[in-house]
Amino acid sequence: MSAQSPSVKGGIELGVARRRLRLSPTALLVPATAFLLVFYGWPVVNVLRQSLFDHGFTVREYTRAFEPAYRNILLHTVEIALSAAGLSLLFGYPTAYVMARARPRVRVVMILVVSAAYLSNPLARNYAWIFMLGNRGVVNDTLLRLHIIHRPLILIFNRTGLLVGMVHILMPTVILVLLATMVTVGEEPLRAAASLAAGPFTAFRRAYFPQTMSGVVAGFVLAFVIGSAIFTTAAMLGGQGEFMMSNEIVDQVQELNWAFAGALAVILLAVILVAILVVQRFFGAGALVDRGGVTARNAPVRVVRVHEGRVTAAVDAVLNPCWRWLNPVIAVLVMVYLSLPLLIILPISLGRSNFISWPPSGITSKWYRTYASSPEWLHATANSFEIAGITTLVALILGLPAALGLARSRSRLRGPVLAFMLSPLIIPNIIAAIGILFFFSKFNFTGNIYAVALGDSVEALPLATLVMLAALRNFDPAIERAAASLGAGPLRTIFKVTLPILAAATATAALFAFMHSFNSLLMAMFVGGINATTLSKQMWQSLDDYEPTITAVSMMMIGLALIVFLGLRMLQRRDRTGSLKDA
Amino acid sequence: MSHRVRHSCALGVVIAIALAAFASSSGARPSAQAASAKSRGKVVFVGTGGTTQDAMVQTFFQPFSKKYHVNVDQGSIMTLALAQAQVQSGHPYFDVATVPQADYYAGLQQHLWAKINYKKYYSKQELRQLPRSVRFSNGVGNISYGNGIVFNTDQFPAGGPQPDTWVDFWNTNKFPGKRGIPGCAYSVKTSLAEDALLADGVPPDNLYPLNINRAINKIKELAPNAIFYNSSDSAITLTANGNESMAIAPNGRVKVAVDKGAPLQYVWQGSRVTFDMWVILRNAPHMVNAQKLVAFMSQPKPQADFAKLTTYGPTNPAAFNYLDANTTKDLASDPKIKRETFQKDNLWWAAHGQEWVDACTAALGH
């Protein structure tokens, strides 16, 4: 790479006619950071500072938070989130790998399965797991009937059940992040290695895997962070002692114990950030932002250094022969696992029973009709789409510059900025929701969809940024410079070169932002007031009539998503043939 | 390339139009109340939503609107944090809410609730009817209910042994199956500690002050067979499906499930009985209408109608004049049921709730 002045390297230029304004990458961090400072930092600090000040400075709440009871909950939280994220990565990676290399048609089907899992309502999903894994559930029932076991296995209301439920929530995130990265890597590394007569696994391990490290780290960190904040699932599927910190914080907030809830949240945040730092150190070159500020492609070596030796040779010897079929097998199993809850939710939604029950009897479209004929449900649906749409726009408009800035800036500020941007995902949603509620209430700005969308953006923005950052780490700025040298203006370069190459990542980021908002409950509950009721709030409320309507709504949303998705695919295909004709 | 751009533009426009059409076709939020032609303003209520609030609309809000020509706007979901944010903002958007007594006392400490003006909005006769025990300075007792055992009638059918005491609830040999019990924090609002002590042989009259350690040791006994919940609705669904054979739940919530055909039965014997509160925000925007509404909802007739729909009992005993024996046999405030249940000591809980949660969390990790 030719020596360039640091200011040009990776910089973004915005030009109007001949006057060119050179924006340093660090400046790109400003909009997102400013947004988060106003709509997240300030409101949340106002909640959290109560943990330190009560008629003067005090650490009383922190002393209490370190009592064994709460210390244990903290340890559990980290342990559970780490194992769920680890499992999601272990099985998600081979799946994404198969998806990245599959024929387009197969890939579309697999993406649909992953998205459907992502889309199903968390509450309906929890019931599905209970009906599947309970002592009278589908699994135990089948095994008992086949005389494989003689007494029911305990599969739920313990660590096993909790992990099954959590991995199901986290794995789609991991898979989609990895896929977005793998698409930018392509097949070349593998072909190159194969031409050097490396075994299939050896080729993968040495040439392909290191290239996907940024996706691995981003996927793992996201899963870990989201996992550490999960609470409904922990409450419903976990057993005694599987209580998560976010459950505890929600409980404390409900009793207006701001000070203690704040102390717990601060400690949780600190612990998770330290854990992420350790992960970053461990993965070295795959870190989300690398030390010293050298951009990805300019770094001389961006491979995790593994000492080749007996261990790697042994692993190679074992995995080389079975590598070709191992991944597809894992991918198929993962697809089955991801669709399992739907196999329960769908029959319940068609069942005659007037309360959510398993096994369903009879068949009826009643619950779908209940939804379609209810103004409340329809209104909530419209609200949800509008809120999620606005949230997605905000997340992309602010997230793309932020991701570019994080990937290319050399500033020392990047680390702190990234940590700050991750923190909304770690601090339990209820703290942010409350902070924003108090903040917006001052301006009489609650009870409308814009308030909820701004609140949802606080988490959607970091999600979107992280996904795009992972893909950008594999993106060569030299391509942009090439475009510029061929006379493309800076904006033109971004729209015609940068964005299309990042299309997969941008689409994934948009999906994440949209889905985050679509599924978020607390923001609508607190900030939405009585007017901006969303679909997830409506579902949560209607749990109380025990009717299967929520399962029908869940299925309808999945159906709708599939239609939109297939529609987009078809447009894309027409698009491609169109541009071919152009050529 | 130009094609691609054009197509994505077109797609964007199509999606925008579709969304707009969708939004407008679904229309504005349906008003829960029939707007009155000669409306005299409004009052805004926030509750817990769902079937209970639907019943409130029918029996409290609609008759109130008719009588006073005041619209009642309503929504959910009420939480203490919401109330505090609204009060602190200086211009809350709602006036009246219903809260459990635990929240009443916590909110009282934060000065969230307005004084109830009994002198101005209640007639002499109404005050004679309404017992002092439900007339709090900043709230009025609204509905009286029990927290007790609910069991699955497929697993313990009539004719065979059926659980009817807390000793039975703790006896997993005689009555096998999992038990749905509230987590430590949630148990402050529902019940658990008292139930454990009753199962351990403490007489109902000697429950308070609660022996926290004894209660926790008894709960530890049950813990291996317990499924902790923080919403009684999920416990009721699990019990209806046999994932749990018994749970602790409020009587009115069980009734909703039974009406839908769930194989459940509620046990009054040993239930912990209490009532929730109507409260008005300190700086409520429609204070006069709010006071009127709360006074109206303390009257016997609407309370009786509400009880018929929900089996949540009236706090105004005069309501029994409007109820037949068939309804009262399921009400917490029925004299016969009063004899086999016990009253929750909310003042003890207001003072010791946090102590309980800390001790319980330390012992059970919940």
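Residues numbered from 1 in each chain as written. Chains lettered and ligands numbered in written order. Predicted model: local features only at pLDDT ≥ 70, side-chain atom pairs only at ≥ 80, totals over all residues. Heavy atoms only, no water.

Regarding the overall build of chain A
Working step 1: Scanning chain A for helices and strands turns up 25 helices and two strands.
Working step 2: Burial status across chain A gives 59% buried among its 583 residues.
Working step 3: Within chain A, contacts between residues at least 6 apart in sequence are counted, and of these 77% link residues at least 24 apart.
Working step 4: A total accessible area of about 24000 Å² is found for chain A, and carbon and sulfur atoms account for 67% of it. (Helix = DSSP H or I, 4+ residues; strand = E, 2+ residues; numbered from the N terminus. Buried < 20%, exposed > 50% of the residue type's maximum accessible area, 1.4 Å probe, protein only. Contact = heavy atoms within 4.5 Å. Areas by Shrake-Rupley, 256 points an atom, 1.4 Å probe, with all protein chains shown as cover.)

Here's the deal with the pairing of strand 5 (residues 139–152) of chain B
Residue and element names in this part refer to chain B.
Working step 1: Counting buried positions along strand 5 gives 14 out of 14 residues, so the element sits mostly inside the fold.
Working step 2: Taken together, the two bridges between strand 4 (residues 135–136) and strand 5 define a ladder with antiparallel strand orientation. Bridging from a neighbouring strand, Phe136 pairs with Gly139 of strand 5.
Working step 3: Where strand 4 hands over to strand 5, the hairpin turn is made up of two residues, counted between the paired strands.
Working step 4: Bridge analysis of strand 5 against strand 9 (residues 264–280) gives 10 bridges, and the strand direction is antiparallel. Among the inter-strand pairings, Ser144 is bridged to a residue of strand 9, identified as Phe275.
Working step 5: Relative to strand 10 (residues 313–314), strand 5 is paired through two bridges, and the arrangement is antiparallel. Its bridge partner lying in strand 10, Ile143 is registered against Pro314. (Pairing = 2+ DSSP bridges.)

A few points about the packing of aromatic side chains
Residue and element names in this part refer to chain A.
Working step 1: This structure, assessed with the given rule, holds 51 aromatic pairs over all chains.
Working step 2: Here the aromatic rings of Phe39 and Phe440 are separated by 6.0 Å at their centres, their planes lie at 80°, and the arrangement is edge-to-face. Here Phe440 lies in helix 18 (residues 429–442) and Phe39 lies in helix 1 (residues 29–48), a separation of 401 residues in the sequence.
Working step 3: According to the relative accessible area criterion, Phe39 is buried, its value standing at 19%. (Phe/Tyr/Trp six-rings, centres within 6.5 Å; stacked < 30°, edge-to-face > 60°.)

Considering the pairing of strand 3 (residues 96–99) of chain B
Residues and elements named next belong to chain B.
Working step 1: Side-chain alternation along strand 3 places Val96 and Thr98 on one buried face and Ala97 and Val99 on a second face that is also buried.
Working step 2: As judged from the two bridges shared by strand 1 (residues 42–47) and strand 3, these two strands associate in the parallel manner. Across the sheet, Phe45 pairs through a bridge with Val96, a residue of strand 3.
Working step 3: Bridging between strand 3 and strand 9 involves four bridges; their strand directions are antiparallel. Residue Thr98 lies in a different strand from strand 9, and its bridge partner there is Trp278.

Let's talk about the nonpolar core
Working step 1: Membership of the largest hydrophobic core comes to 253 residues, with the highest contact counts inside it found for A:Ile249, A:Ile431, A:Phe526 and B:Trp113.
Working step 2: The dominant element in this core, judged by the number of residues it contributes, is helix 19 (residues 449–472) of chain A, at 17 residues.
Working step 3: Of all hydrophobic cores here, the second largest spans 58 residues; its members include B:Leu198, B:Leu210, B:Leu222 and B:Met246. (Core = buried A, V, L, I, M, F, W, Y, C linked by side-chain atoms within 4.5 Å.)

Remarks on the environment of A:Ala388
Residues and elements named next belong to chain A.
Working step 1: Tracing the sequence through the fold places Ala388 in helix 16 (residues 375–408).
Working step 2: Note on Ala388: relative accessible area 0%, which makes it buried.
Working step 3: The spatial distance from the C-alpha of Ala388 to the C-alpha of Met515 is 7.3 Å, given a sequence separation of 127 residues.

A look at the interface of chain A and chain B
Working step 1: Across the contact, 70 residues belong to chain A and 71 residues belong to chain B.
Working step 2: Taking both partners together, chain A and chain B bury about 6000 Å²; carbon and sulfur atoms supply 59% of that area.
Working step 3: Counting every contact that joins chain A to chain B gives four salt bridges.
Working step 4: The salt bridge involving B:Lys189 is made with A:Glu255; its shortest N-O contact spans 3.7 Å.
Working step 5: On inspection of chain A and its partner chain B, the count reaches 15 residue pairs in polar contact (both at pLDDT 80 or more).
Working step 6: Broken down by element, the side of chain A that touches chain B gets its largest block of residues, eight residues, from helix 16 of chain A.
Working step 7: In terms of residue class, the side of chain A that touches chain B is made up of 32 nonpolar, 21 polar and 17 charged. (Buried area = accessible area lost by both parts, 1.4 Å probe. Salt bridge = Lys/Arg side-chain N within 4 Å of Asp/Glu carboxyl O. Polar contact = N/O pair within 3.5 Å; in protein donor to acceptor, adjacent residues only side chain to side chain. Nonpolar A, V, L, I, M, F, W, Y, C, P; charged D, E, K, R; others polar.)

Comments concerning the pattern of salt bridges
Working step 1: Tallied over the entire structure, the rule returns 20 salt bridges over all chains.
Working step 2: Connected through salt bridges with shared partners, the residues B:Asp200, B:Arg214, B:Lys218 and B:Glu221 form a single ionic network.

Structural notes on a nonpolar patch on the surface
Residue and element names in this part refer to chain A.
Working step 1: A cluster of nonpolar side chains, Phe53, Phe57 and Val59, forms an exposed patch at the surface whose accessible area comes to about 330 Å².
Working step 2: Among the structural elements, Phe57 can be located in the loop between helix 1 and helix 2 (60–65).
Working step 3: Note on Phe57: relative accessible area 58%, which makes it exposed. (Patch = residues over 30% accessible without salt bridge, like charges linked within 9 Å, V, L, I, M, F, W, Y side chains within 5 Å.)

Observations concerning the confidence of the model for chain A
All names here are of chain A.
Working step 1: Confidence in the prediction for chain A averages 84 pLDDT; 90% of positions are at 70 or higher.
Working step 2: Per-element confidence in chain A is highest for helix 15 (residues 366–372), whose mean pLDDT is 95, and lowest for strand 1 (residues 12–16), whose mean pLDDT is 48.
Working step 3: Contacts of residues 14–19 to residues separated by more than four positions or lying in other chains number eight contacts, the stretch itself having pLDDT below 50. (pLDDT = per-residue confidence, 0-100.)

Some points on the state of the cysteines
A covalent bond between the sulfur atoms of two cysteines is referred to as a disulfide.
Residues and elements named next belong to chain B.
Working step 1: What the rule picks out here adds up to one disulfide over all chains.
Working step 2: Shown here is the disulfide that connects Cys184 with Cys360, its sulfur atoms set 1.9 Å apart. With the S-S bond torsion at -75°, the cross-link from Cys184 to Cys360 turns out left-handed. In this pair, Cys184 sits in the loop between strand 6 (179–182) and helix 8 (193–199) while Cys360 sits in helix 16 (residues 346–364), placing the two residues 176 residues apart along the sequence. Per residue, the accessibility class of Cys184 equals that of Cys360, and both read buried. (Disulfide = S-S within 2.5 Å.)

Examining helix 3 (residues 68–101) of chain A
Working step 1: Helix length check: helix 3 of chain A (34 residues) gives 49 Å between terminal C-alpha atoms against 50 Å at 1.5 Å per residue, within 8%.
Working step 2: The sharpest bend along helix 3 of chain A comes to roughly 30°, located at A:Gly92, with the proline A:Pro94 sitting one to four residues further on. (Expected span 1.5 Å × (residues − 1). Bend = angle between axes of the 7 residues up to and from the residue.)

Digging into unusual backbone geometry
Working step 1: In this model, A:Trp358 is joined to A:Pro359 through a cis peptide bond whose omega is -5°.
Working step 2: At the junction of B:Tyr208 and B:Pro209, the peptide bond is cis and its omega measures out at -5° in the coordinates.
Working step 3: By secondary structure assignment, the location of B:Pro209 is in the loop between helix 8 and helix 9 (212–222).
Working step 4: At A:Phe157, a residue that is not glycine, the phi angle is positive and equals roughly 60°.
Working step 5: Turning to its location among the elements, A:Phe157 is positioned in the loop between helix 6 (138–145) and helix 7 (159–185).
Working step 6: Note on A:Phe157: relative accessible area 14%, which makes it buried.

With respect to the side chain of B:Asn138
Residue and element names in this part refer to chain B.
Working step 1: Summarising the element assignment, Asn138 is placed in the loop between strand 4 and strand 5.
Working step 2: A relative accessible area of 7% places Asn138 in the buried class.
Working step 3: Looking at Asn138, its side chain comes within polar contact range of the main-chain oxygen of Trp113, at 2.8 Å.

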